[in-house]
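Okay, here's what each chain looks like letter by letter:
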Amino acid sequence: MKLFVSEGNPHCLKVLAALEVTGVHCDVQYVNHDERVVPFLSRPAVPALLLPSGLHLFSPNAICRYLFEVSGQDSSELCSRWLEWEATDLQPALLQSLHLAVLQGKGSEVSKVLQGPLNYMEQSLSKGNTPYLTGEAVSVADVVLWAALYPVLSDSSLALGGCTSVKAWFDRGAVVHICAAQKVLQGKGLQGMKSFMQRQPAPQSSQCRDAQPFNSNPAEGEESERVVSVEEMEAAALTWSKGLNACPLAADRQHPILPQEGKRNLLVVSALPYVNNVPHLGNIIGCVLSADAFCRYGRLRGWNLLFVCGTDEYGTATENKAREEGLTPQQICDKYHAIHSNIYKWFQIDFDFFGRTTTEKQTEIAQNIFWRLHKHGFLLEDTVEQLRCESCKRFLADRFVEGICPHCSYPEARGDQCDKCGRLINAVELREPQCKVCRQTPVVSSSKHLFLDLPKLEPQLEQWLDKSTSTGDWTANAKQITRSWLRDGLKPRCITRDLRWGTPVPHPDFKEKVFYVWFDAPIGYLSITANYTDQWEKWWKNPNQVELYNFMAKDNVPFHSVVFPCSLLGAQDNYTLVSHLIATEYLNYEDTKFSKSRGVGVFGDMAKDTGIPPDVWRFYLLYVRPEGQDSAFSWADMALKNNSELLNNLGNFINRAGMFVTKFFEGSVPVMELQQEEKTLLALVGWELQQYIQLMDKVKIRDALRHILNISRHGNQYIQVNEPWKKIKGGDTERQRAGTVTGVSVNIACLLSVMLLPYMPAVSQTIRDQLNAPQSCINTMLQGTGTFVCCLSAGHRIGTVSPLFQKLEVDQIEALKKRFGGQQTTAQSAGSTQPAAVPAAAAEVASVNGVDPEKAKQLTQAVTEQGEKVRALKAQKAEKAVITAEVAKLLELKKQLAVAEGKSSEPAPQKGKKK
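Residues numbered from 1 in each chain as written. Predicted model: local features only at pLDDT ≥ 70, side-chain atom pairs only at ≥ 80, totals over all residues. Heavy atoms only, no water.

Enquirer: Explanation requested: the pattern of salt bridges in the structure shown.
Expert: Between side chains of opposite charge, pairing is possible as soon as their charged atoms come close. By the definition in use, this model includes 35 salt bridges. Ionic pairing is found between D498 and K513, a salt bridge with its closest N-O pair at 2.5 Å. Of the two residues, D498 sits in the loop between β17 (496-497) and β18 (514-515) while K513 sits in the loop between β17 and β18, which places them 15 residues apart along the sequence. For K513, a relative accessible area of 10% translates into the label buried. A salt bridge links K641 to D637, with the nearest nitrogen and oxygen atoms 2.3 Å apart. Of this pair, K641 and D637 both sit in helix α22 (residues 635-665), four residues apart, which is roughly one turn of that helix. Each member of the pair, K641 together with D637, is buried. When salt bridges with common partners are traced through the structure, they connect R253, R299, D350 and D352 into a single cluster. (Salt bridge = Lys/Arg side-chain N within 4 Å of Asp/Glu carboxyl O. Helix = DSSP H or I, 4+ residues; strand = E, 2+ residues; numbered from the N terminus. Buried < 20%, exposed > 50% of the residue type's maximum accessible area, 1.4 Å probe, protein only.)

Enquirer: Looking at this structure, I do not really get the pairing of strand β10 (residues 379-389). What am I missing?
Expert: A regular strand places its side chains so that they alternate between the two faces of the sheet. Taken together, the 10 bridges between β10 and strand β15 (residues 443-452) define a ladder with antiparallel strand orientation. Of the residues in β15, the one forming a bridge with E381 is L450. Two strands pair when backbone bridges link them, and β10 and strand β11 (residues 394-395) are joined in this way by two bridges, in the antiparallel orientation. Counted as the bridge partner of R388 is F395 from β11. (Pairing = 2+ DSSP bridges.)

Enquirer: Mind showing me how you'd approach the nonpolar core here?
Expert: As a rule of thumb, nonpolar side chains are buried together in soluble globular proteins. Judged by nonpolar contacts, the single largest core of 186 residues is most densely connected at I369, W617, W635, Y692 and Y759. Ignoring anything within four residues of it in the chain, the contact list for W635 reads Y589, E590, V602, T610, I612, W617, I813, L816, K817 and F820. Counting residues in each nonpolar core, the second largest holds 67 residues, with C79, V152, W169 and M193 among its members. (Core = buried A, V, L, I, M, F, W, Y, C linked by side-chain atoms within 4.5 Å. Contact = heavy atoms within 4.5 Å.)

Enquirer: Is there a simple way to think about the pairing of strand β8 (residues 304-311) in this case?
Expert: Within β8, eight of the eight residues are buried, leaving the element largely enclosed by the surrounding structure. A two-sided burial pattern is seen for β8, the buried positions comprising N304, L306, V308 and G310 on one face and L305, F307, C309 and T311 on the other. Pairing between strand β7 (residues 265-270) and β8: five bridges, direction parallel. Residue pairing for β8: L267 is matched across the bridge by L306. Crossover β7 to β8 through helix α10 (residues 281-300) is right-handed. Bridging between β8 and strand β9 (residues 353-356) involves four bridges; their strand directions are parallel. Counterpart to G310 in the pairing with β9 is G355. (Right-handed = clockwise from strand over helix to strand, strands pointing away.)

Enquirer: So what exactly am I meant to see when it comes to the sheet that holds strand β14 (residues 431-435) here?
Expert: Pairing between the strands of a sheet is mediated by backbone hydrogen bonds and can be parallel or antiparallel. Strand order in the open sheet formed by three strands is β13-β12-β14, and the pairing between neighbours is antiparallel. Among the strands making up the open sheet, the edge pair consists of β13 (413-414) and β14. Relative to β14, strand β12 (residues 401-404) runs antiparallel, the two sharing three bridges. In the strand pairing of β14, E402 is matched with Q434.

Enquirer: Mind showing me how you'd approach the packing of α10 against helix α23 (residues 676-697) here?
Expert: Relative placement of two packed helices is described by the angle separating their axes and the distance separating the axes. Running from N to C, α10 and α23 cross one another at 120°; their axes reach a closest spacing of 11 Å. By the angle between their axes, α10 is oblique relative to α23. Here the hand of the crossing between α10 and α23 comes out left-handed. Side by side, α10 and α23 meet where A293, F294 and Y297 of the first sit next to Y692, I693, M696 and D697 of the second. Each residue belonging to the contact of α10 with α23 can be placed in one class, and the counts come to six nonpolar, no polar and one charged. (Axes fitted to C-alpha atoms, helices over the stretch in contact; angles between N-to-C directions. Parallel < 35°, antiparallel > 145°, perpendicular 65-115°, else oblique. Left-handed = near helix turned anticlockwise from the far one by under 90°. Nonpolar A, V, L, I, M, F, W, Y, C, P; charged D, E, K, R; others polar.)

Enquirer: Explanation requested: the side chain of S447 in the structure shown.
Expert: Position of S447 relative to the elements: it lies in strand β15. Classification of S447 as buried rests on a relative accessible area of 9%. Side-chain polar atoms of S447 contact the side chain of H449, separated by 3.3 Å. One polar contact links S447 to K513, side chain to side chain, over a distance of 3.0 Å. (Polar contact = N/O pair within 3.5 Å; in protein donor to acceptor, adjacent residues only side chain to side chain.)

Enquirer: What exactly am I supposed to notice about unusual backbone geometry here?
Expert: Residues other than glycine predominantly adopt negative phi, and peptide bonds predominantly adopt the trans conformation. P47 follows V46 through a cis peptide bond whose omega is 10°. Positionally, P47 belongs in the loop between β2 (27-30) and β3 (48-50). Cis geometry marks the peptide bond from H255 to P256; its omega dihedral reads 0°. Within the fold, P256 resides in the loop between α9 (230-242) and β7. For R439, which is not glycine, the phi torsion reads 65° and is therefore positive. As for its placement among the helices and strands, R439 is situated in the loop between β14 and β15. Positive phi outside glycine occurs at E666, with the angle close to 55°. Locating E666 in the fold gives a position in the loop between α22 and α23. By relative accessible area, E666 is classed as exposed at 67%.

Enquirer: Where do I start with the packing of aromatic side chains in this structure?
Expert: Each aromatic ring pair is described using two quantities: the centre-to-centre distance and the angle formed by the ring planes. Taken as a whole, this structure holds 37 aromatic pairs when the rule is applied. Measuring from centroid to centroid gives 5.5 Å for W240 and F788, while their planes differ by 75°, and the two rings are edge-to-face. With W240 in helix α9 and F788 in the loop between α27 (761-771) and α28 (810-819), this residue pair connects regions lying 548 residues apart in the sequence. Residue classification places W240 among the buried positions, given a relative accessible area of 7%. A network of ring pairs unites the aromatic residues Y589, F594, F603, W617, Y620, F633, W635 and F820 as a single cluster. Over the face of the ring belonging to F378 we find K456, whose NZ or CZ atom lies 5.4 Å from the ring centre. For the cation-ring pair, R497 lies above Y516, with the distance from its terminal atom to the ring centre recorded as 4.0 Å. (Phe/Tyr/Trp six-rings, centres within 6.5 Å; stacked < 30°, edge-to-face > 60°. Lys NZ or Arg CZ within 6 Å of the ring centre and 35° of its normal.)

Enquirer: I'm lost on helix α24 (residues 701-722) in this one. Help?
Expert: Since there are 3.6 residues in each turn of an α-helix, residues three or four apart along the chain are aligned in direction. Taking 1.5 Å per residue as the helical rise, α24 with its 22 residues ought to reach 32 Å, and the 33 Å between its terminal C-alpha atoms agrees with that figure. Within α24, 17 of the 22 residues are buried, leaving the element largely enclosed by the surrounding structure. Among the residues trailing α24, E723 stands out with phi positive, at a value near 50°. (Expected span 1.5 Å × (residues − 1).)

Below, the structure is given as structure tokens:
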């Protein structure tokens, strides 16, 4: 293993101290602060631990946990909670303290910032009556907190008095952290961190909360309280006082929607779902749901917006599905188009038009683009070698041949692309190819095809990309994937296939062929729009007036950022090209991938049978939207978010606000007299609203959701502190105070209903119905940088208030988890089917009979890699179910290894235990 650290980086104190305590052997390499040692990250990440398997850990706490796991010291639940508290509560306070002391020379203010966290530690250590945080022995929590606090607790100039239990605990770890500190700080104390701190963003002024790790949920991004200025308070109060008087009502959509002069015109398309299967949750969040949330937000902002999508219906996959079900390809398309349409309606995806690609418009537009490319010399002819299955008597489409990737040796690479390394491949390059239909080995045969001359179009593409990626909102992965394609130079790309079900190639020399789906399918955006309105060219041939947004998962990026733009650039017909390419990472299911055949995961047509409302599905999928990295759907986490964020936070606040109006003020909003506390609250809520708008404008949908939840947290705290249910029983002054708190709260609830609309449209409408909110509030709040006005003025009568959400019970969730867990456990134990997640080395030797030294060697490596994976998951505090599944795979590999080595695969009897 190799550990990368940098001098002056306080986070490196933790990992070096953990190395000292555990005694794990590891090469330590010092690097610069800005050095990128983790290749797949776009930012520097130090410390970082490179494992023998090639995996990286780059969270300091995860590295420390891993080192303890490797040394045989498991982390307790109490230890995990301390680590979570350190990362989410202590670290923000420490960052602010170090910024004050190191860069601003304000060491005297550090004690005030750290007082809350240190007091909490003091109370915990005193009550626990143990020498260390989790008991009688040193744990990873002690090492991490020792190292985190060393820079401030070891500097006598900071005058951090009191907290005798914390001081005694800290002194017990002196030997450990002094040794590590010498390596990192080079004997310079706080000033040894100056270079590192100068590279960190300045923390916002905050009042650190005296949080309790055992009850709070700091991982949800709850931030320390902002300190607002007098100017912010007065500005917020002034905005509040403007009300709704001058705000026009939002007009209903009139079809067809066309670009308008003087407006921001957005054409939004989500990747066309392939028709031959039912979309799973990952498909839904990757394109249509993300696009829908953004479109709903855009309409609230007053943008002129058209949202189109449809099913991609041509290709071999459809032919094979038709053969399986005994139907014609057209019948399959009709059947599954209806299934897709119904699923999206249930999820409340609000398309302006949902079409399909098997139309005359598709043929007309695709063939027109083809002839224009031909006319301008951007097509090539060539004879290519293809795989042909003699058993099926047909050339195999790329996605109907599998084999070993020639680049990374992944055993399940498709004939067009490897899902593991992402490289494009030609099917004939696969090692040990198989026909996916009959599992026979195909033969290589020659066929003449047409190619798009991408190298000839590359200069135009580069020029356009430079402009689009610099002025538009392209996600980081979209930029990286596109640049990786261009880095090695583009190659001609085949646009024809030897198939029957597809858009026919109009050239007489190729009349037996159809267009390759990745040339043909993106043109579906144009043809679907043309089926929506015969004035489609006002959208698609209007680049100066129209902004095009593409939503997709990352595997679709190169076809939308390179191949399709090259087709339109080569056509030279003033086409609108993508301005903003929004690509998600992958959403996994629990600890594995979605699989219809194995019954693993929730698919679109199953969600409605769970009894969980569509809005709750929308909320959770958008909450875990894989914006910057892969994420996973988890039943336990879904229940947690429903019960904590929706029920106890958001729903609790909105329901209480409305009930106070009903119960204490006979259904009429009371008179509000703003005091400084209200002005501070309005400023805090206004700031959260501004952050929400900035993030949604940039299509950071998941991050924006956190600010909605922050507002309801502010509201709950405001109600809890002021206790209107008590004040209403007091004198006139207290009753007036109760009225102000109730009136302000119910107006915040109204704001939340608007902000929620992109995420939970039905809940949003229910809230507004319960509050009897005026229609004009919808298009007022999100104007400009955010306008939190008093929508429900004194005397406004609200409707009937009722709870918005229901608790998801443990037994209900366990039943659903079991129902959608598939048969993977059975498959693993059967021996005939290799589990997908077992390392490739093990997959090659899944059936081992007798002693086999070579296979034992391979399995030994596989056991080592799987063991590292298990330890890494434990270090990262993964879900228990995820760890359990990976441990099961490890045990299975060990059994196979025992057989290959000629040993018994049965576990040895445990000593010291009586039967």
